[in-house]
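# Coordinate inspection notes
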Amino acid sequence: MKKLLLLFMSSASLFAGSVTLFNDSPFKLRAAILSATGVNLGEVVLSPQHRVVWSDNQTSSMVGYSDTPYSVIWYCLEGKEYGIWTNVSVGSFVTASGSGGLRICPVPKNQNQGSFQPQN
């Protein structure tokens, strides 16, 4: 029974791909994982210095086409693109700072900025 369970678990992993996402930026970012055909497979929000292993548990490989290579697009929380990775293979380690692009997020303006008045 144990061998059958191990066989099932190992064959199920053939149909799922995973990518480790690491936000090594100073910004809270959203990572969108896209298939080779541009279909959004999932999104994850990561705080600075956090990582997550994203997994595609869909069985699209069984119907005759592949979701890989993936693309990972990092976004600032207000929607601006931070950076992009293309040709990401299964098992890759993807960092925000290693992506191509501007790699900067707008800093929200402080509501009190410009209205500082010195106290006497």
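Computed from a predicted model, the values in this text were never measured in an experiment.

Cut-offs used in this document
- Residues numbered from 1 in each chain as written.
- Predicted model: local features only at pLDDT ≥ 70, side-chain atom pairs only at ≥ 80, totals over all residues.
- Heavy atoms only, no water.
- Core = buried A, V, L, I, M, F, W, Y, C linked by side-chain atoms within 4.5 Å.
- Buried < 20%, exposed > 50% of the residue type's maximum accessible area, 1.4 Å probe, protein only.
- Helix = DSSP H or I, 4+ residues; strand = E, 2+ residues; numbered from the N terminus.
- Contact = heavy atoms within 4.5 Å.
- Polar contact = N/O pair within 3.5 Å; in protein donor to acceptor, adjacent residues only side chain to side chain.
- Salt bridge = Lys/Arg side-chain N within 4 Å of Asp/Glu carboxyl O.

Further remarks concern the nonpolar core. Core analysis: the largest hydrophobic core is formed by 19 residues, its most contacted members being Leu21, Trp54, Val72, Trp74 and Tyr82. Where this core is concerned, the elements lending two or more residues are strand S1 (17–23), strand S2 (29–34), strand S3 (40–46), strand S5 (70–76) and strand S6 (81–88). By residue number, the principal contributor to this core is S5, which donates 4 residues.

To continue, consider the environment of Ser35. Along the polypeptide, Ser35 turns up in the loop between S2 and S3. Leaving out residues up to four positions away in the same chain, Ser35 has contacts with Leu41, Asp67, Pro69 and Tyr70. Within the structure, the side chain of Ser35 is placed 2.9 Å from the side chain of Thr37, a separation counted as a polar contact.

This brings us to the pattern of salt bridges. Per the counting criterion, the structure on display carries 1 salt bridge. Here Arg30 ties to Glu43 by a salt bridge, and the two come within 3.1 Å at their closest N and O atoms. Note that Arg30 is positioned in strand S2 and Glu43 in strand S3, a separation of 13 residues in sequence.

What follows concerns unusual backbone geometry. With glycine set apart, most residues show a phi of negative sign, and most peptide bonds adopt trans. Each neighbour pair has its own omega, and for Thr68 with Pro69 the value is 0°, a cis peptide bond. Along the polypeptide, Pro69 turns up in the loop between strand S4 (50–56) and S5. Located in the positive-phi region is Gln49, a residue other than glycine, with phi close to 65°. Summarising the element assignment, Gln49 is placed in the loop between S3 and S4.

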